[in-house]
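Chain and residue survey
Each chain, letter by letter, is given below.
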Amino acid sequence: MIIGLKKWILSKILRKKYYRTGKCKACGKCCTQIYVKHYKHVVQDEEEFKKLQLLHKFYTYLKIIGKDEIGLIFECQNLDPKTHKCRIHRRRPGICRRYPQEELFSMGGALSDDCGYKMEPIIPFKDIMRKCTIKKYPDQKTL
Ligand code: SF4
Ligand code: SF4
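Below: a short report on this structure. Since the model is a prediction, treat every value here as computed from it, not as a measurement.

Describing the overall build of the chain
Counting its secondary structure elements, the chain contains six helices and six strands. Walking the chain from its N terminus toward its C terminus, one meets helices and strands in the order α-β-β-β-α-α-β-β-α-α-β-α. When burial is assessed residue by residue, the chain has 6% of its 143 residues classed as buried.

Quick look at the structure:
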């Protein structure tokens, strides 16, 4: 019932297509390969990033560690390299508390294979296919 209500709010009010299941295993991987999206693009250069650091405290935690075809790659300096734990866990920013969100996919990101979370489609793919089949071939039997 609660899950059903949660899915309804996510899809009908927040217009989301995915919902989060599972639990964080505190491996710290998502704090070491971060892309920064600003409006509709992923940040590509250091100058732009410096300006963003003035706007949001979270960005001051990040350090550039590389760049690939998607954009600059950052790691968070609050991650303890020995324990892989967040040093500010109790007061970590909202963006960390809400991770992962479906916006992750829209910027070319993905969950690591061993992440404890999964992003599941709110409407299972087989139900979408069934609806399409019924609309196109209303007399056809579906399994
Ligand atoms: S503040 Fe903590 S949880 Fe957020 S990215 Fe940094 S290390 Fe990870
Ligand atoms: S990668 Fe997944 S399991 Fe690991 S710390 Fe991030 S959210 Fe948690």
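Now that the structure has been shown, we can carry on.
A word on unusual backbone geometry
Residue Pro 100 follows Tyr 99 across a cis peptide bond; omega there is -5°. Its location among the elements puts Pro 100 in the loop between helix 4 (94–97) and helix 5 (103–106). One non-glycine residue with positive phi stands out, namely His 84, at about 60°. With 13 C-beta atoms packed within 10 Å, His 84 lands in the partly exposed category.

Section: the site of ligand 2
Near ligand 2, the surroundings consist of Cys 24, Lys 25, Ala 26, Cys 27, Gly 28, Lys 29, Cys 30, Tyr 99, Ser 112, Cys 115, Gly 116 and Tyr 117. The residue inventory of the shell around ligand 2, partitioned by class, reads seven nonpolar, three polar and two charged.

Thoughts on the nonpolar core
Of all hydrophobic cores here, the largest spans eight residues; its members are Cys 31, Val 36, Val 43, Tyr 61, Leu 62, Leu 72, Phe 74 and Cys 76. Ranked by residues supplied to this core, first place goes to strand 5 (residues 72–76) with three residues. Residue contacts for Val 36: discarding those within four places in its chain leaves Val 42, Val 43, Phe 49, Leu 52, Tyr 59, Leu 72 and Phe 74.

Notes on helix 1 (residues 2–13)
Along its twelve residues, helix 1 runs 16 Å from first to last C-alpha, staying within 8% of the 16 Å computed at 1.5 Å per residue. Where burial is concerned, little of helix 1 is hidden: zero out of the twelve residues are buried. The positive-phi residue at the C-terminal boundary of helix 1 is Arg 15, with phi of around 60°.

Re the pairing of strand 5
Because side chains alternate across strand 5, one face comprises the buried residues Leu 72, Phe 74 and Cys 76, and the other comprises Ile 73 and Glu 75, none of which is buried. Summarising the sheet, strand 4 (residues 62–67) and strand 5 pair through five bridges and their orientation is antiparallel. Bridge assignment links Lys 63 to a residue of strand 5, and that residue is Glu 75. Here strand 4 folds back onto strand 5 in antiparallel fashion, the turn holding four residues.

Criteria and cut-off values
- Residues numbered from 1 in each chain as written.
- Chains lettered and ligands numbered in written order.
- Predicted model: local features only at pLDDT ≥ 70, side-chain atom pairs only at ≥ 80, totals over all residues.
- Helix = DSSP H or I, 4+ residues; strand = E, 2+ residues; numbered from the N terminus.
- Buried ≥ 20, exposed ≤ 12 C-beta atoms within 10 Å, placed from the backbone.
- Near = placed C-beta within 6 Å.
- Nonpolar A, V, L, I, M, F, W, Y, C, P; charged D, E, K, R; others polar.
- Core = buried A, V, L, I, M, F, W, Y, C linked by C-beta atoms within 7 Å.
- Contact = placed C-beta atoms within 7 Å.
- Expected span 1.5 Å × (residues − 1).
- Pairing = 2+ DSSP bridges.

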